[in-house]
Structures are given as C-alpha cells and as structure tokens.
Amino acid sequence: MMMCKEATRLMSLKQDRPLTFQERVSLRLHLSMCGACRECDRQFTLLHEAGRRFGPELDPERDDHGH
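Residues numbered from 1 in each chain as written. Predicted model: local features only at pLDDT ≥ 70, side-chain atom pairs only at ≥ 80, totals over all residues. Heavy atoms only, no water.

Visitor: Just give me the short version of the overall build of the protein chain, but keep the residues and values in it.
Guide: Helix and strand content of the protein chain: 3 helices and 0 strands. Taken from the N to the C terminus, the helices and strands of the protein chain come in the order α-α-α. Contacts in the protein chain between residues far apart in sequence, at least 24 positions, make up 51% of those at least 6 positions apart. Within the structure as shown, the protein chain displays about 5,300 Å² of accessible surface, and the carbon and sulfur contribution to it stands at 58%. (Helix = DSSP H or I, 4+ residues; strand = E, 2+ residues; numbered from the N terminus. Contact = heavy atoms within 4.5 Å. Areas by Shrake-Rupley, 256 points an atom, 1.4 Å probe, with all protein chains shown as cover.)

Written out as structure tokens, the structure reads:
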C-alpha cells in the first residue's frame, strides 16, 4: 500500500499535470482508506483553485494595468 508521503507527492503533482493511470489508481486506493490524506487532497485543490482565481491579480511581474 502507498504511504502518505507518496500520496501527498501525487496530490501535489496532479495540480500540475494529469496523473498516469497507475498513479490515479494508487492515489484513489490510498484516499479511500486515509481520511487525513483525503483532507489534504481537498486542501490542495482549494489552494490551487484560489491561486488560479486570484493569482494574476497578485503577480509581481505584472504592472498595474495587467501587463
């Protein structure tokens, strides 16, 4: 069975790229048995969505006009 450390790595990775079939299956199995990792996955998703929604407004590389 996958350990929480590996599950956390996959949760983070899936925010940046699609997981492989094997990665998805392994993570799903782990999440089905680990409430702490389910909560962690929920938080990763929430943070990623907030970053997408509010990120461009806070980007120090952009000027006041959004460029």
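Visitor: Go over a nonpolar patch on the surface with me, naming the residues and quoting the values.
Guide: On the surface, Met-1, Leu-29 and Met-33 cluster together to form a nonpolar patch covering roughly 370 Å² of accessible area. Position of Met-1 among the secondary structure elements: in the segment before helix 1 (4-13). Accessibility expressed as a relative area gives 71% for Met-1, which makes it exposed. (Patch = residues over 30% accessible without salt bridge, like charges linked within 9 Å, V, L, I, M, F, W, Y side chains within 5 Å. Salt bridge = Lys/Arg side-chain N within 4 Å of Asp/Glu carboxyl O. Buried < 20%, exposed > 50% of the residue type's maximum accessible area, 1.4 Å probe, protein only.)

Visitor: Could you give an account of the nonpolar core, with specific residues and numbers?
Guide: Counting 9 residues, the largest nonpolar core consists of Met-2, Ala-7, Leu-10, Met-11, Leu-19, Leu-27, Leu-31, Cys-34 and Cys-37. At 3 residues, the largest contribution of residues to this core is made by helix 1. (Core = buried A, V, L, I, M, F, W, Y, C linked by side-chain atoms within 4.5 Å.)

Visitor: Lay out the packing of helix 1 against helix 2 (residues 21-33) in plain terms, naming residues and giving numbers.
Guide: When two helices pack together, you describe them by how their axes are tilted relative to each other and by the distance separating the axes. With their axes 10 Å apart at the nearest point, helix 1 and helix 2 run at an angle of 125° to one another. By the criterion of interaxial angle, the relationship of helix 1 to helix 2 is oblique. Relative to helix 2, helix 1 is oriented so that their crossing is left-handed. Facing helix 1, whose interface residues are Cys-4, Ala-7, Leu-10, Met-11 and Leu-13, helix 2 presents Glu-23, Leu-27, His-30 and Leu-31. Here the residues of the contact of helix 1 with helix 2 sort into 7 nonpolar, 1 polar and 1 charged. (Axes fitted to C-alpha atoms, helices over the stretch in contact; angles between N-to-C directions. Parallel < 35°, antiparallel > 145°, perpendicular 65-115°, else oblique. Left-handed = near helix turned anticlockwise from the far one by under 90°. Nonpolar A, V, L, I, M, F, W, Y, C, P; charged D, E, K, R; others polar.)

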